[in-house]
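Here is how the chains run, residue by residue.
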Amino acid sequence: MNVIHELPFFLPKALKCQSSVVTVGIFDGVHLGHQKIIIDVVESALMSDAESVVMTFDPHPEEVILSKSPPFLLPLSERISLIESMGVSLMIISDFTTQISGISAEEFVRDILVDRLRMKKICVGYDYGFGKDRAGGIELLKELGQVYGFETEVVPPVKIDNEIVSSTNIRCCIAQGKIAQANNMLGRKHTIKVSVVHGDKRGRILGYPTANCLCKEDILLPCIGVYAVWVWIDNIQYNGMANIGYCPTFRGEELRLEVHLLDFEGDLYEKELFITFIDRIRDERVFDGTEELLEQLKEDERISRRMLV
């Protein structure tokens with residue numbers, strides 16, 4: 001897959017073909033709904049001997065317009081990898097600026113999608129909006145298609161248990177600790193990348209040494225609680241249990257992510273880990289002392305091992 005980082009008005013003539021099938025969006029999470037749209041783009045492009053193009057923006061438009069964006073399900077680098085794995089031939093990552101935010105819907109279609117990308121078809125979700133103030137929608141796309149000679153395909157929503165799969169709904173599930181539900185919507189397990197830093201080393205004294213994990217602030221963490229997890233170190237998978245919280249038994253004041261690896265011995269300091277959340281075990285709670293905490297950790301381990309079989 002060819003990846004271009006460029007402002008849309010300065011896109012080079014990068015296409016191998018004389019036409020393209022395009023989709024445009026943030027694609028945070030690259031969830032089942034996104035996957036359906038992207039697969040349609042790839043299949044349509046193959047059938048018409050066109051370039052399959054995914055266009056996205058960085059930073060998130062809300063960060064520029066509202067000075068605040070929702071926490072990401074996936075960093076941009078992992079979105080690129082997942083989209084590439086689906087067979088897309090060209091991904092355009094456009095800087096999102098105040099200038100770009102002021103482009104009207106018709107200007108965006110005419111000057112960028114048609115003139116720069118030679119678009120013959122666009123695939124979008126059922127609730128697609130674009131252009132300044134998201135004033136453009138599906139009906140406008142269809143009208144402009146008649147003027148500029150492209151087809152608009154509207155991809156219906158993907159539903160699981162009558163719930164629409166969307167980045168917003170997945171964020172809500174993760175924020176509420178509904179990990180299994182979020183994983184179903186993603187079509188894979190929610191995974192984050194972290195670095196191991198020095199902590200208080202209390203877990204080692206209890207016989208449950210933990211890696212104190214540092215993750216990027218803009219990546220979404222599940223809500224406070226204890227979780228059954230997989231931990232990937234140098235592409236090797238280990239079972240584990242993670243705690244997200246404030247360590248109230250020891251009067252902690254900072255939110256922490258700590259992970260204990262089952263059946264593992266070794267030094268993890270300064271290593272990069274990938275933590276895959278499988279399911280939530282329980283809430284964080286205050287214990288009367290280390291003995292009560294230790295008994296609960298043993299029970300958490302038993303539950304984790306059952307969940308991770």
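This text gives an overview of the structure that appears in the document. (Residues numbered from 1 in each chain as written. Predicted model: local features only at pLDDT ≥ 70, side-chain atom pairs only at ≥ 80, totals over all residues. Heavy atoms only, no water.)

**Describing the overall build of the protein chain**
Looking only at helices and strands, one finds 10 helices and 14 strands in the protein chain. Here the C-alpha coordinates of the protein chain stretch approximately 75 × 40 × 35 Å along the principal axes. Classification of the 309 residues of the protein chain by burial places 48% in the buried group. Counting only contacts in the protein chain whose residues sit at least 6 apart along the sequence, the fraction spanning at least 24 positions is 73%. With an accessible surface of roughly 15,700 Å², the protein chain has 49% of that area assigned to carbon and sulfur atoms. Taken as two groups, the 33 positive and 46 negative side-chain charges of the protein chain have centres that lie 1 Å from each other. (Helix = DSSP H or I, 4+ residues; strand = E, 2+ residues; numbered from the N terminus. Buried < 20%, exposed > 50% of the residue type's maximum accessible area, 1.4 Å probe, protein only. Contact = heavy atoms within 4.5 Å. Areas by Shrake-Rupley, 256 points an atom, 1.4 Å probe, with all protein chains shown as cover. Lys, Arg positive; Asp, Glu negative; His and termini not counted. Charge placed at Lys NZ, Arg CZ, Asp CG, Glu CD.)

**So, the packing of helix 7 (residues 167–175) against helix 8 (residues 179–186)**
The description of two helices packed together rests on the angle between their axes and the distance between the axes. Between helix 7 and helix 8, the shortest axis-to-axis distance is 8 Å and the interhelical angle comes to 155 degrees. The angle between the axes of helix 7 and helix 8 places the two elements in the roughly antiparallel class. Viewed along their axes, helix 7 and helix 8 form a crossing whose handedness is left-handed. Side by side, helix 7 and helix 8 meet where Asn 169, Ile 170, Cys 173 and Ile 174 of the first sit next to Gln 181, Ala 182, Met 185 and Leu 186 of the second. Classifying every residue of the contact of helix 7 with helix 8 by side-chain character gives 6 nonpolar, 2 polar and no charged. (Axes fitted to C-alpha atoms, helices over the stretch in contact; angles between N-to-C directions. Parallel < 35°, antiparallel > 145°, perpendicular 65-115°, else oblique. Left-handed = near helix turned anticlockwise from the far one by under 90°. Nonpolar A, V, L, I, M, F, W, Y, C, P; charged D, E, K, R; others polar.)

**What to know about the layout of surface pockets**
In this structure, the largest pocket occupies an estimated 1,200 Å³ of space. What lines the largest pocket is a set of 46 residues, among which Gly 25, Ile 26, Tyr 128, Gly 129 and Arg 134 lie closest to the centre. Elements represented by at least two residues in the lining of the largest pocket include exactly strand 2 (20–24), helix 1 (32–47), helix 2 (61–65), helix 4 (98–101), strand 5 (119–125) and helix 7. Ranked by residue count, the leading element in the lining of the largest pocket is helix 1, at 4 residues. Partitioning the lining of the largest pocket into residue classes produces 24 nonpolar, 14 polar and 8 charged. (1 Å grid on protein atoms, 1.4 Å probe; cavity = no way out; pocket = protein on both sides within 12 Å on 5 of 7 lines; lining within 4 Å. Points joined across faces, edges and corners; volume = space filled by probe spheres on them.)

**Remarks on the side chain of Ser 20**
Note that Ser 20 resides in strand 2. The exposure class assigned to Ser 20 is buried, which follows from its relative accessible area of 0%. Of the polar contacts made by the side chain of Ser 20, one reaches the backbone oxygen of Leu 117; its length is 2.7 Å. (Polar contact = N/O pair within 3.5 Å; in protein donor to acceptor, adjacent residues only side chain to side chain.)

**Concerning the packing of helix 5 (residues 105–114) against helix 6 (residues 138–148)**
At a minimum axis distance of 11 Å, the contact between helix 5 and helix 6 shows a crossing angle of 50 degrees. The orientation of helix 5 relative to helix 6 falls into the category oblique. At the point where helix 5 passes helix 6, the crossing takes the right-handed sense. For the pair formed by helix 5 and helix 6, the contact residues are Ala 105, Glu 106, Val 109, Arg 110 and Val 114 on the first element and Leu 140, Leu 141, Leu 144 and Tyr 148 on the second. When its residues are assigned to classes, the contact of helix 5 with helix 6 shows 7 nonpolar, no polar and 2 charged.

**Some remarks on the sheet that holds strand 14 (residues 272–282)**
With respect to topology, 6 strands assemble into a closed barrel ordered 9-10-13-12-11-14, the strand pairing being antiparallel. The sheet shows a mean angle of 45 degrees between the axes of neighbouring strands, taken without regard to direction. Of the strand pairs in this sheet, strand 9 (residues 191–197) and strand 14 are connected by 5 bridges, and their pairing is antiparallel. Bridge assignment links Val 194 to a residue of strand 14, and that residue is Leu 273. Running over the sheet, helix 10 (residues 290–307) touches strand 11 (225–233), strand 12 (236–245) and strand 14 and is turned about 100 degrees from strand 14. (Pairing = 2+ DSSP bridges.)

**Structural notes on helix 8**
Buried within helix 8 we find Ile 179, Ala 182, Asn 183, Met 185 and Leu 186. End-on view of helix 8: buried residues confined to an arc of 160 degrees, all on one side of the axis. Tucked inside the fold, the buried residues of helix 8 contact helix 1, strand 7 (159–160), strand 8 (163–164), helix 7, strand 11 and strand 14. Trailing helix 8 by a residue or two, Gly 187 shows a phi angle of about 80 degrees, which is positive. (Arc of directions from axis to C-beta.)

**Points about the packing of aromatic side chains**
Scanning all chains against the criterion turns up 6 aromatic pairs. Between Phe 57 and Phe 108 the ring centres are 6.5 Å apart and the planes differ by 45 degrees, which places this aromatic pair in the tilted class. In this pair, Phe 57 sits in strand 3 (residues 51–58) while Phe 108 sits in helix 5, placing the two residues 51 residues apart along the sequence. As far as burial versus exposure is concerned, Phe 57 and Phe 108 are alike and both buried. In this structure an aromatic cluster arises from ring pairing among Phe 57, Phe 96, Phe 108, Tyr 128 and Phe 130. (Phe/Tyr/Trp six-rings, centres within 6.5 Å; stacked < 30°, edge-to-face > 60°.)

**Quick word on helix 7**
Of all the residues in helix 7, the buried ones are Ser 167, Ile 170, Arg 171, Cys 173 and Ile 174. Burial along helix 7 is one-sided: seen end-on, the buried residues are contained in an arc of 160 degrees. The elements touched by buried residues of helix 7 are helix 1 and helix 8. Of the residues one or two after helix 7, Gly 177 is the one with positive phi, at around 80 degrees.

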